[in-house]
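Structural characterization, general
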Amino acid sequence: MYQPTKHEKRKASNMSGTINRRIVLASRPVAAPVAANFRLENETLPSPNEGQMLLRTVYLSLDPYMRGRMSDAPSYAPPVGTGQLMVGATVSRVEISNLAGFAVGDWVLSQNGWQDYALSDGRGVLNLGAHPAHPSYALGVLGMPGFTAYMGLLDIGQPKPGETVVVAAATGGVGSVVGQIARLKECRVVGIAGGTEKCRYAVEELGFDACLDHRAPKLKEELAAACPKGIDVYFENVGGVVFDAVFPLLNARARIPVCGLIATYNGDPAAESKCRTSPLMTAVLKKRIRIQGFIIFEDYASHFADFRKQMTEWCEAGKIKYREDRVSGLENAPEAFMGLLQGKNFGKLVVQVAAEAEA
Ligand SMILES: NC(=O)c1ccc[n+]([C@@H]2O[C@H](COP(=O)([O-])OP(=O)(O)OC[C@H]3O[C@@H](n4cnc5c(N)ncnc54)[C@H](OP(=O)(O)O)[C@@H]3O)[C@@H](O)[C@H]2O)c1
């Protein structure tokens with residue numbers, strides 16, 4: 001007897017199931033993004049051809065790099081065109097499959113962007129299986145942010161027992177993992193985060209030795225007191241005033257993995273503080289400091305499988321803790337993203353686009 005698929009049932013019973021909602025870039029931001037830079041559009045749900053599958057987004061990752069994609073300034077990646085779908089990593093479920101290796105109900109990690117559904121031919125898609133323990137972790141601790149922390153700290157930072165590691169945005173997707181790995185490597189770990197609640201979490205829950213509020217008027221003095229032996233590794237996520245506080249404390253042969261500069265992404269001149277180029281380069285030379293930028297998948301893609309194995313073990317053993325900040329509803333993605341650039345998220349920011357069971 002003919003049994004309608006879940007997809008067909010939804011099509012028949014729920015008109016909203018025939019629509020794909022998508023958020024596009026309406027205009028380029030001048031400074032901080034505003035709501036008018038985004039537009040929610042509806043399109044008819046696409047049908048997969050042979051060799052394709054239909055994916056339903058359950059979780060959408062919101063990440064700072066998306067601010068760069070909204071700009072057409074030269075970068076390592078092409079910008080999103082105006083009127084085009086906002087890019088983003090997603091964890092989805094296979095709704096219809098005409099593709100070997102992907103069964104209906106499987107969870108997948110892919111780059112479907114800010115929308116309810118997407119067609120895929122399987123390229124660049126990681127099948128997470130039918131029952132991953134925590135599907136959304138593939139966007140955070142077991143995905144790009146965790147991988148960034150792991151490679152940036154271990155390959156460039158090269159922390160050694162007894163050294164002092166400083167990391168800003170310390171409770172976020174990248175920073176929280178950097179600090180915890182540094183603790184596993186027996187380093188003294190000093191976090192920098194926005195506000196007392198985040199700082200308390202970094203010390204009490206994540207096990208950092210200290211954590212300081214970057215808005216504190218005496219950040220420089222407090223950081224010097226928290227790093228009595230200077231700083232050996234500074235994992236750079238932020239730039240601006242945080243780097244100014246770190247810079248005089250760097251030890252000979254310090255290493256700086258330059259991961260991100262979020263304080264500067266909205267082009268706020270005040271946030272960039274005064275120009276440090278000349279004293280910085282003098283110190284780089286005299287102290288033989290190593291500064292290296294990296295773009296995680298361009299530089300380290302071949303290490304991803306090893307990373308996932310190691311990080312899964314650490315998470316299962318309770319050695320790495322992970323906090324998500326979940327926002328409900330695709331339509332709330334723009335506001336959540338604008339908040340990310342102001343430090344309103346507490347943990348890895350993820351949008352729940354559909355219920356897990358519904359998908
Ligand atoms: N190179 C790469 O391949 C790569 C890959 C992933 C991420 N990144 C970079 O890594 C950094 C962290 O990313 P994430 O995904 O883990 O984000 P996140 O830390 O979860 O969220 C961003 C955080 O940045 C902090 N922040 C925002 N504006 C700030 C400012 N003006 N001054 C100081 N802190 C500010 C806020 O935390 P507080 O409230 O604690 O200040 C905010 O919560 C970003 O710079 C990102 O671009 C780079």
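Just so it is clear, the structure is predicted and the values come from calculations on it, not from any experiment.

What counts and how
Residues numbered from 1 in each chain as written. Predicted model: local features only at pLDDT ≥ 70, side-chain atom pairs only at ≥ 80, totals over all residues. Heavy atoms only, no water. pLDDT = per-residue confidence, 0-100. Contact = heavy atoms within 4.5 Å. Phe/Tyr/Trp six-rings, centres within 6.5 Å; stacked < 30°, edge-to-face > 60°. Helix = DSSP H or I, 4+ residues; strand = E, 2+ residues; numbered from the N terminus. Buried < 20%, exposed > 50% of the residue type's maximum accessible area, 1.4 Å probe, protein only. Lys NZ or Arg CZ within 6 Å of the ring centre and 35° of its normal. Disulfide = S-S within 2.5 Å. Pairing = 2+ DSSP bridges. Right-handed = clockwise from strand over helix to strand, strands pointing away. Axes fitted to C-alpha atoms, helices over the stretch in contact; angles between N-to-C directions. Arc of directions from axis to C-beta.

1. A few points about the confidence of the model for the protein
Looking at the protein as a whole, its pLDDT mean stands at 93, while 93% of the residues score no less than 70. Note that pLDDT drops below 50 for residues 8–16; the model gives that stretch nine contacts with residues more than four away or on any other chain.

2. Quick word on the packing of aromatic side chains
Centre-to-centre distance and the angle between the planes together describe a pair of aromatic rings. In this structure the tally under the stated criterion is 16 aromatic pairs. When the centroid spacing of 5.3 Å and the interplanar angle of 90 degrees are considered together, the rings of tyrosine 201 and phenylalanine 346 count as edge-to-face. Taken together, the residues span a long stretch of sequence, with tyrosine 201 in helix H5 (residues 196–204) and phenylalanine 346 in the loop between helix H11 (333–340) and strand E15 (348–352) at a distance of 145 residues. Since its relative accessible area comes to 12%, tyrosine 201 is described here as buried. Clustering of aromatic rings is evident, with ring pairs tying together Phe147, Tyr150, Phe297, Phe304, Phe307 and Trp314. Directly above the ring of tyrosine 201 sits arginine 323, whose terminal nitrogen or CZ lies 5.1 Å from the centroid. Here the guanidinium or amino end of arginine 323 rests over the ring plane of phenylalanine 346, the centre of that ring lying 3.5 Å away.

3. Some details on the state of the cysteines
Here a disulfide denotes one covalent bond, and it connects the sulfur atoms of two cysteines. On inspection of all chains with the given rule, the structure shows zero disulfides. Here cysteine 187 is not cross-linked by a disulfide; its sulfur's nearest cysteine counterpart is in cysteine 227, at 12 Å. Among the residues examined, cysteine 187 registers a relative accessible area of 1% and is labelled buried. With no disulfide of its own, cysteine 199 lies 3.4 Å from the sulfur of cysteine 211, the closest cysteine sulfur.

4. Overview of the pairing of strand E14 (residues 324–328)
By the alternation rule, side chains of E14 split into Asp325 and Val327, which are all buried, and Glu324, Arg326 and Ser328, of which none is buried. Bridge count for E14 against E15 is five bridges, and the pairing is parallel. Its bridge partner lying in E15, arginine 326 is registered against valine 350. Considered for its hand, the β-α-β crossover made up of E14, H11 and E15 is right-handed.

5. Observations regarding the sheet that holds strand E13 (residues 290–293)
Pairing is parallel in the open sheet, where six strands are placed in the order E10-E9-E8-E11-E12-E13. The open sheet terminates on both sides in strands that have one partner only, identified here as strand E10 (210–213) and E13. If you compare each strand with its neighbour and ignore which way they point, the axes differ by 15 degrees on average. Pairing geometry for strand E11 (residues 231–235) and strand E12 (residues 250–258), over two bridges, is parallel. Note that in E12 the partner of valine 233 across the bridge is arginine 255. Contacts from helix H6 (residues 219–226) reach strand E8 (164–168), strand E9 (188–193), E10 and E11 within the one sheet, and its direction differs from that of E10 by about 175 degrees.

6. Brief notes about H5
Among the residues of H5, Lys198, Cys199, Tyr201 and Ala202 are the ones counted as buried. One side of H5 holds all its buried residues, which, seen down the axis, span an arc of 160 degrees. What points out from H5, more than 90 degrees from its buried face, is the exposed set Thr196, Glu197 and Glu204. The inward-facing, buried residues of H5 contact E9 and E10.

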